[in-house]
Amino acid sequence: MTWSIVAHDPGSGAFAVAVATCAFAVGASCPFVRTGVGAVSTQSMTNRYLGPAVLDGMARGLSPAAAIEGALVGDEGKGLRQVHAVDRHGRAAAFTGQNCVEWCGEITSAGVSFAGNMLAGPAVLADTYAAYVTHAELPLPERLLIALDAGDAAGGDRRGRQSAALVMITTEDFPDLSLRVDDHGQPLDELRRLYELWLRERAPGLKDQPSRARPSGTVDMDAIEARWKRQGLDLKFRR
């Protein structure tokens, strides 16, 4: 009922998942990322426990294929599941259960995997893949959005459109970018609008946030107030 991309950017160390479907709030159930470990999407008749289980396996050193296999061992409904993952070595793997709704399938390559079920046809994944590899010069989130747009133009989820999500993690224990469109007539258009808003209003301030390298972040009140002033805001800390 979904198609998605899990990807790793070796230059930045980022892991990301982009996903779209004709179901409510796909971002609440399918994408999972972990710093230094990997990215996973669990979909079809979604079992959310598979995402953390696959990440745990890869954190122990298992390949994505072995981690997926191990996570599915105790799942009596594994024929209904679709799971794919990428790790920090750029290894990718996918599993599509024998009972997933047609059209279903996957494409895996170095550093990225594409998988979907209940799609309009194989062109959805083929065009998603082609758009992703064609735009290698772009930032990872932009590549993912362009790739989903291409899959949507090829038919996407054969039932229609409802929700989409984009999540990316780099060096911290929480995502740099986490966007969800839970219910919208054109979820990919709305996801792009939110991404552009993130670029303007959130991304520039990430360097000032508490981080592993700078546990307190920027706390110089004069510097913060000066930035507010440049933004046209008449705000001051209480002293």
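Below is a short write-up of the structure.

## Here's the deal with the pattern of salt bridges
Here comes step 1: In total, this model carries 12 salt bridges according to the counting rule given.
Here comes step 2: One salt bridge in this structure joins D182 and R180, with 2.9 Å as the shortest N-O distance.
Here comes step 3: Classification of R180 as partly exposed rests on a relative accessible area of 41%.
Here comes step 4: A salt bridge links E225 to R239, with the shortest nitrogen-to-oxygen separation between them at 2.6 Å. Taken as a pair, E225 in helix α6 (residues 221–230) and R239 in the segment after α6 lie far apart in primary sequence, 14 residues in all.
Here comes step 5: On the accessibility criterion, R239 (60% relative accessible area) is exposed.
Here comes step 6: Residues joined in a network through salt bridges with shared partners are D222, E225 and R239.

## Thoughts on empty space enclosed by the protein
Here comes step 1: Under the counting rule described, the total for this entry stands at 1 cavity of 30 Å³ or more.
Here comes step 2: As a volume, the largest cavity reaches approximately 30 Å³.
Here comes step 3: Of all elements in the fold, only β2 (14–21) and α5 (187–201) reach the threshold of two or more residues within the lining of the largest cavity.
Here comes step 4: Across the lining of the largest cavity, the residue classes break down as 4 nonpolar, 3 polar and 2 charged.

About the thresholds
- Residues numbered from 1 in each chain as written.
- Predicted model: local features only at pLDDT ≥ 70, side-chain atom pairs only at ≥ 80, totals over all residues.
- Heavy atoms only, no water.
- Salt bridge = Lys/Arg side-chain N within 4 Å of Asp/Glu carboxyl O.
- Buried < 20%, exposed > 50% of the residue type's maximum accessible area, 1.4 Å probe, protein only.
- Helix = DSSP H or I, 4+ residues; strand = E, 2+ residues; numbered from the N terminus.
- 1 Å grid on protein atoms, 1.4 Å probe; cavity = no way out; pocket = protein on both sides within 12 Å on 5 of 7 lines; lining within 4 Å.
- Points joined across faces, edges and corners; volume = space filled by probe spheres on them.
- Nonpolar A, V, L, I, M, F, W, Y, C, P; charged D, E, K, R; others polar.

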